[in-house]
Amino acid sequence: MSRFYATTPIYYVNGKPHVGHAYCTAVADTSRRFEQLLGRQTYFVTGTDEHGQKVQEAAERRGVEPQAHCDELSQTFRDLWPTLNIAPDQFIRTTEPRHKAVVRRALQKLWDDGLIEQRSFAGWYSTAAERYWTEKDLIDGKCPDSGQEVTWLEEANYFFLMSRFQQPLIDAIESGKMKILPAKRANEVLGFLREPLLDLCISRPKSRLSWGIELPFDDDYVTYVWFDALMNYVTAIGGFGAHQDNQEALGDTGDAVGSEKSFEQWWPHVCHFLGKDILTTHAVYWPTMLMALGLEPPRQYVVTGWWLVDNTKMSKSLGNVVDPLSLKDKYGPEVLRWFLLREMAVGQDANFSEAALVKRNNTDLANDLGNLVQRTTVLVHKHFDSKVPALPAGREPSAILSSAIDLANYLRGQEVAFEATQTDHQVWPVAKTVQELKLHVTLADIMTLVQRLNRVLASDAPFKTVKTDKDAAAVTVYHTLAGIRVAANLLWPAIPQTSEKILQRVGWTRGVVSIDELNWHDLPTGAEVPRGSAMFPRHQFEVEAKAPKVKAKPKKSAPEVQIDNPIEYVQFAALDLRVGDVIAAEPIKKSQKLLRLEVSLGALGMRQILAGVAQHLQPEQLVGTKIQVLTNLKPRKLMGLWSQGMMMLAETEDGRLVPMRPDGDAPAGSKIA
Ligand code: MSP
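All figures in this text were calculated on a predicted structure; none of them were measured in a lab.

Caption draft 1: Layout of the sheet that holds strand β16 (residues 312–313). Taken together, three strands build an open sheet; the order of strands is β16-β15-β17 and the sheet is mixed. The strands lining the two open edges of the sheet, one partner per strand, are β16 and β17 (350–351). Sheet topology note: the strand β15 (residues 307–309)/β17 ladder contains two bridges and is parallel. Bridge pairing in β17 links L308 to N351.

What follows is the structure, encoded as structure tokens:
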């Protein structure tokens, strides 16, 4: 069985956790859970980075001893993860004796091997970045990383001969031995390596900084915080002699990390998750340190983007930091997880807003997933004695139902001739996108199954057929329950708690299974379907409408306009208008006014829209054309069918209805504003 060792950056304890930290840890947690579904043995480590100037100063500001400060703040990180349903196997702290011992052993080895040298050194030192810069690095005389003041310092220090490993590092990246995703980040590192690589100062004199790990060969110095911190990835899995200390510190880990072999077993399967701001330390310092120590460079990196607020990075100094705890308390941990994972394309930046979080909840979770579970289980309670219905002999699933089964098998990696004709965007097998670490795509793909199941309900209409042909309804209901089980199982890595609840709601009591065992037809007929309330309440996000600025006197030249019921911009911005492609259109029996449309909104998926245009337009006039859709109108049931959006029409004075069509080429899903 192959392995997967996931790590997150270990977080500085100079402040409380924020959404950026929560994101990186949630991505690692979700990836490891997906790897578990794919049948791999996994191990997941996170922790805190506790030495160095930033932490020493944070403790000083509070008037607390550094160790006491670290104990307190480290605990806030440790306590946060379970509340977000993040389940690391190990939480490591750099102030633990087992880690300090590893760092000292590593330094001693490099010293003995002549790969560390003492040199006298002068340069511009930035406290914020905890490093020296050369004159030409500075921007306007300030630290290029932090924008803070720098001071000229001259001192003797110890240097790791990093320059010797420049070419081996380039080779490791170019050969794909050390894989950096997304690829543009690998190019960035290679670009950096086009310039000569300098040696790395790995010591700080105690006279300037005392909060660190003492060098084993000179007790006037402590270790540079990054050299110390990066080694955590080795300590955690028992490298450099840590296995015995790990056993003592962690207790029985089932030999996962406490045996002589544990490092050897796990290291080749490491996957480092990190933010783009710490790429150089991870992809240049770290692999060269490993090479110098006679170890293999890391196998894989996933470099994530930043959460921005109004296009600016969240930072304490700007006071725009989003607290994950308050959001979790307000909306629940799984809504927060879903938003973070689904909204941000792994590797790119994304804007954080509470309004966007609410919208994701309402569309994906409340409308698509929550309604599907609710509508199907209500049918079971009403018409099938609260049990998974038996499949009547000789009745076949409808074409759309069969396509849902095909889609599920395709997602599981089965060889199915599944054509992505009915959805507008390409869907990939889960294993492929997981391996490429494109989790946002994986989740969007799984949601197409949920959307397809909603369309099955709309099209098979079991709530109708149950009265005339109960067997037909039984076929739809059985398969929809089976499909919900498959979808919930596949969504488990992102929303573990909800997924487990959904499994129970459809009568599946055997828990989450690996993707190989995830057979659609395994749902046992006759199983009890318990009652429950709606799983995802819809939320309203209140945007405080600013009072309109009242001008003392309107300018003379301003034309007088009479506006009936004026609205604020925020009210307009609350409308989600999109371009839609009409895939299918048909009249609705017994209705003279309504047409049923199937509309693709591109990556947002498919919608069923009931439009009151039957007396104005023929279905053929709509199929294959583009329309404007109001997508966030509360879904409504008309003639027993759900309408999940509104088609925008111009109503002429003589009473005609004319569809609003984009002029020019705007792909489905494009936002209209
Ligand atoms: N202690 C070092 C890491 C040492 S790992 C051997 C560190 N800590 S940190 O707490 O400052 O940041 C940790 C991670 O949080 C980084 O990957 C960083 O990119 C991430 N984030 C911090 N702010 C962020 C956002 N606004 N958005 C997304 N992630 C961001 O660096």
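Caption draft 2: Looking closely at the nonpolar core. Ranked by internal contacts, the top residues of the largest apolar core, which has 104 residues, are W81, F273, W307, L340, F352, L449 and W520. Here this core gets 13 residues from one element, more than from any other, and that element is helix α19 (residues 470–491). When residues of this core are assigned to domains, at least three map to each of domain 1 (3–116 + 164–196 + 223–331) and domain 2 (362–522). Excluding its chain neighbours within four sequence positions, the residues that come into contact with F352 are V19, W307, L308, V309, M314, V322, L327, F339, L340 and L357. Ranked by size, the runner-up nonpolar core spans 67 residues in total, among them Y43, F160, M231 and M291.

Caption draft 3: Structural detail: helix α20 (residues 496–505). Regarding α20, the residues found buried are P496, T498, S499, I502, L503 and R505. Its buried side turned inward, α20 meets α1 (19–37), α13 (333–343), α14 (354–383) and α19. Phi turns positive one or two residues past the end of α20, at G507, with a value near 85°.

Caption draft 4: Main features of the side chain of Q628. Following the sequence through the fold, Q628 ends up in strand β21 (residues 626–630). The exposure class assigned to Q628 is buried, which follows from its relative accessible area of 18%. Those residues in contact with Q628 that lie beyond four places of it in its chain are R578, M646, M647, M648, M660 and I672.

Caption draft 5: Focus on the sheet that holds strand β10 (residues 203–205). With antiparallel pairing, three strands are arranged side by side in an open sheet as β10-β12-β11. With partners counted over all chains shown, the strands left at the sheet margins are β10 and β11 (214–215), one partner each. The pairing of β10 with strand β12 (residues 218–223) spans three bridges and is classified as antiparallel. Within the sheet, the bridge partner assigned to S203 lies in β12 and is T223.

Caption draft 6: Broad picture of the pairing of strand β14 (residues 300–304). For β14, a buried count of five out of five residues is recorded, marking the element as mostly surrounded by other parts of the structure. Judged by which residues are buried, β14 turns out to be covered on both faces: Q300, V302 and T304 on one side and Y301 and V303 on the other are all buried. In terms of strand pairing, strand β8 (residues 179–181) meets β14 through three bridges, oriented parallel. Bridge assignment links I180 to a residue of β14, and that residue is Y301. Bridge count for strand β13 (residues 270–275) against β14 is five bridges, and the pairing is parallel. For H272, the partnering residue across the bridge sits in β14 and is Y301. One crossover worth recording links β13 to the parallel β14 by way of helix α11 (residues 279–292), and it is right-handed.

Caption draft 7: Summary view of the site of the ligand. Residues in close proximity to the ligand total 22 residues, the closest being I10, D49, G275, D277 and W307. Taking G275, its main chain carries an N or O atom lying 2.8 Å from an oxygen atom of the ligand. At a separation of 2.8 Å, a nitrogen atom of the ligand approaches a polar backbone atom of W307. For the ligand, whose unbound accessible area comes to 670 Å², protein coverage reaches 94%. Those elements that place two or more of their residues in the shell around the ligand are β2 (11–12), α1, α7 (225–230) and β13. For the shell around the ligand, the element with the most residues is α7, which contributes three residues. The residue inventory of the shell around the ligand, partitioned by class, reads 13 nonpolar, six polar and three charged.

Caption draft 8: How the structure looks around the pattern of salt bridges. Applying the stated criterion across every chain yields a total of 34 salt bridges. K177 is the partner of E296 in a salt bridge, and the nearest nitrogen-oxygen pair spans 3.1 Å. Here the residue E296 occupies a position in the loop between α11 and β14, and K177 occupies one in the loop between α5 (166–174) and β8, the gap between them amounting to 119 residues. Classification of E296 as partly exposed rests on a relative accessible area of 45%. Residue K177 is classed as partly exposed on the basis of its relative accessible area, which comes to 45%. Between D329 and K328 there is a salt bridge, with the nearest N and O atoms lying 2.9 Å from each other.

Caption draft 9: Fine view of helix α12 (residues 324–331). Listed as buried for α12 are P324, L327, K328 and Y331. Viewed along the axis of α12, the buried residues span an arc of 100°, placing them on a single side of the element. Exposed side chains of α12 directed beyond 90 degrees from the buried face belong to D329 and K330. Of the residues flanking the end of α12, it is G332, one or two places downstream, whose phi is positive at about 95°.

Caption draft 10: Expanded view of empty space enclosed by the protein. Counted under the stated rule, the structure contains two cavities of 30 Å³ or more. Considering the residues around the largest cavity, the lining is formed by R375, N454, R455, A458, Q608, W642 and Q644. In terms of residues, the lining of the largest cavity owes the most to one element, helix α17 (residues 439–460), which gives three residues. Considered class by class, the residues forming the lining of the largest cavity number two nonpolar, three polar and two charged. Volume-wise, the second largest cavity comes out at about 30 Å³. In terms of lining, the second largest cavity is formed by H51, G52, E130, R204, L209, W211, G212, T223, Y224 and V225. For the lining of the second largest cavity, the class distribution of residues is four nonpolar, four polar and two charged.

Scoring rules and cut-offs
Residues numbered from 1 in each chain as written. Predicted model: local features only at pLDDT ≥ 70, side-chain atom pairs only at ≥ 80, totals over all residues. Heavy atoms only, no water. Pairing = 2+ DSSP bridges. Helix = DSSP H or I, 4+ residues; strand = E, 2+ residues; numbered from the N terminus. Core = buried A, V, L, I, M, F, W, Y, C linked by side-chain atoms within 4.5 Å. Buried < 20%, exposed > 50% of the residue type's maximum accessible area, 1.4 Å probe, protein only. Domains from an automatic or database assignment. Contact = heavy atoms within 4.5 Å. Right-handed = clockwise from strand over helix to strand, strands pointing away. Near = heavy atom within 4 Å. Polar contact = N/O pair within 3.5 Å; in protein donor to acceptor, adjacent residues only side chain to side chain. Areas by Shrake-Rupley, 256 points an atom, 1.4 Å probe, with all protein chains shown as cover. Nonpolar A, V, L, I, M, F, W, Y, C, P; charged D, E, K, R; others polar. Salt bridge = Lys/Arg side-chain N within 4 Å of Asp/Glu carboxyl O. Arc of directions from axis to C-beta. 1 Å grid on protein atoms, 1.4 Å probe; cavity = no way out; pocket = protein on both sides within 12 Å on 5 of 7 lines; lining within 4 Å. Points joined across faces, edges and corners; volume = space filled by probe spheres on them.

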